[in-house]
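Chain residues, written in single-letter form:
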Amino acid sequence: MANDPIELFGIRLVGITGESGRKLLLSIAVVVVVLLVRKVVRHVIDVVVPGKRFVRARFWVRQALSLLAATVIVITLASLWFDDPTRLTTALGLVTAGLAFALQRVVTALAGYVVIMRGKTFSVGDRIVMG
């Protein structure tokens, strides 16, 4: 019964079962709750640490809070959707392969930037010819 497709207005929704529907609703609830908690904590931080004196500290606390919220969301959703570790590794492999293919130029440009700016290969006044 849990693996039967869900019907909406007489139309059978392919790939959406009762179990995946519950996981979807739980995923939405987790994301909403984590984001609401983050917003409340940010507001509390703004009230507790007012003024322009601690602007830098507030900025870094907000950054850490956003990173923590994103980490909690990712870990919770991964544990919710991937019961089998092999499915998780397969999904991560496909995502990273897609990102590597899509970001080929970005990665090579970043590597070129690091070589030019940080390496001792070139110095000021050297002529660099492309192509």
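Attention here is on the structure that accompanies the text.

Analysis parameters
Residues numbered from 1 in each chain as written. Predicted model: local features only at pLDDT ≥ 70, side-chain atom pairs only at ≥ 80, totals over all residues. Heavy atoms only, no water. Helix = DSSP H or I, 4+ residues; strand = E, 2+ residues; numbered from the N terminus. Buried < 20%, exposed > 50% of the residue type's maximum accessible area, 1.4 Å probe, protein only. Contact = heavy atoms within 4.5 Å. Areas by Shrake-Rupley, 256 points an atom, 1.4 Å probe, with all protein chains shown as cover. Axes fitted to C-alpha atoms, helices over the stretch in contact; angles between N-to-C directions. Parallel < 35°, antiparallel > 145°, perpendicular 65-115°, else oblique. Left-handed = near helix turned anticlockwise from the far one by under 90°. Nonpolar A, V, L, I, M, F, W, Y, C, P; charged D, E, K, R; others polar. Expected span 1.5 Å × (residues − 1). Patch = residues over 30% accessible without salt bridge, like charges linked within 9 Å, V, L, I, M, F, W, Y side chains within 5 Å. Salt bridge = Lys/Arg side-chain N within 4 Å of Asp/Glu carboxyl O.

1. Description of the overall build of the protein chain
Consideration 1: Counting secondary structure elements, the protein chain contains four helices and two strands.
Consideration 2: Each helix (α) and strand (β) of the protein chain, taken in turn from the N terminus, gives the series β-β-α-α-α-α.
Consideration 3: Looking at the 131 residues of the protein chain, the share that counts as buried comes to 11%.
Consideration 4: In the protein chain, the share of contacts with a sequence separation of at least 24, taken over all contacts with a separation of at least 6, comes to 38%.
Consideration 5: As displayed, the protein chain has an accessible area near 11100 Å², and 71% of this comes from carbon and sulfur atoms.

2. Observations regarding the packing of helix H1 (residues 18-48) against helix H2 (residues 55-81)
Consideration 1: As a packed pair, H1 and H2 sit with axes 10 Å apart at the nearest point and diverge in direction by 165°. For the element pair H1 / H2, the angle class is roughly antiparallel. Along this stretch, H1 crosses H2, giving a crossing that reads as right-handed.
Consideration 2: For the contact of H1 with H2, a count of residues per class yields 16 nonpolar, four polar and six charged.

3. Observations concerning H1
Consideration 1: The end-to-end C-alpha separation of H1 is 45 Å, in line with the 45 Å expected for 31 residues at 1.5 Å each.
Consideration 2: Among all positions in H1, only Gly-18, Ser-20, Gly-21, Lys-23, Ser-27, Val-30, Val-34 and Ile-45 are buried.

4. Topic: H2
Consideration 1: The end-to-end C-alpha distance of H2, which contains 27 residues, comes to 39 Å, matching closely the 39 Å that a straight helix rising 1.5 Å per residue would cover.
Consideration 2: All buried positions along H2 are accounted for by Arg-58, Leu-65, Ala-69, Ile-73 and Leu-80.

5. A few points about a nonpolar patch on the surface
Consideration 1: On the surface, a cluster of nonpolar side chains totalling about 880 Å² of accessible area is made up of Leu-110, Tyr-113, Val-114, Val-115, Ile-116, Met-117, Phe-122, Ile-128 and Met-130.
Consideration 2: Of note, Ile-128 is situated in the segment after helix H4 (104-118).

6. Thoughts on the pattern of salt bridges
Consideration 1: Going through the model one piece at a time under the given rule, you end up with three salt bridges.
Consideration 2: In this structure, the salt-bridge partner of Asp-83 is Lys-23, at a minimum N-O distance of 3.6 Å. Highlighted residues: Asp-83 in the loop between H2 and helix H3 (85-102) and Lys-23 in helix H1, separated in sequence by 60 residues.
Consideration 3: Of the charged contacts in the structure, one is a salt bridge between Asp-46 and Arg-62, with a shortest N-O distance of 2.4 Å. With a gap of 16 residues between them, Asp-46 in helix H1 and Arg-62 in helix H2 connect regions that are remote in the sequence.
Consideration 4: The class for Asp-46 is partly exposed, based on a relative accessible area of 27%.

7. Notes on the side chain of Arg-58
Consideration 1: With respect to the helices and strands, the residue Arg-58 is situated in helix H2.
Consideration 2: Taking relative accessible area as the criterion, Arg-58 reaches 18% and is therefore assigned buried.

8. Quick word on the side chain of Lys-23
Consideration 1: Overall, the relative accessible area of 14% leaves Lys-23 in the buried class.
Consideration 2: What Lys-23 contacts, discounting residues up to four positions off in sequence, is Leu-80, Trp-81 and Asp-83.

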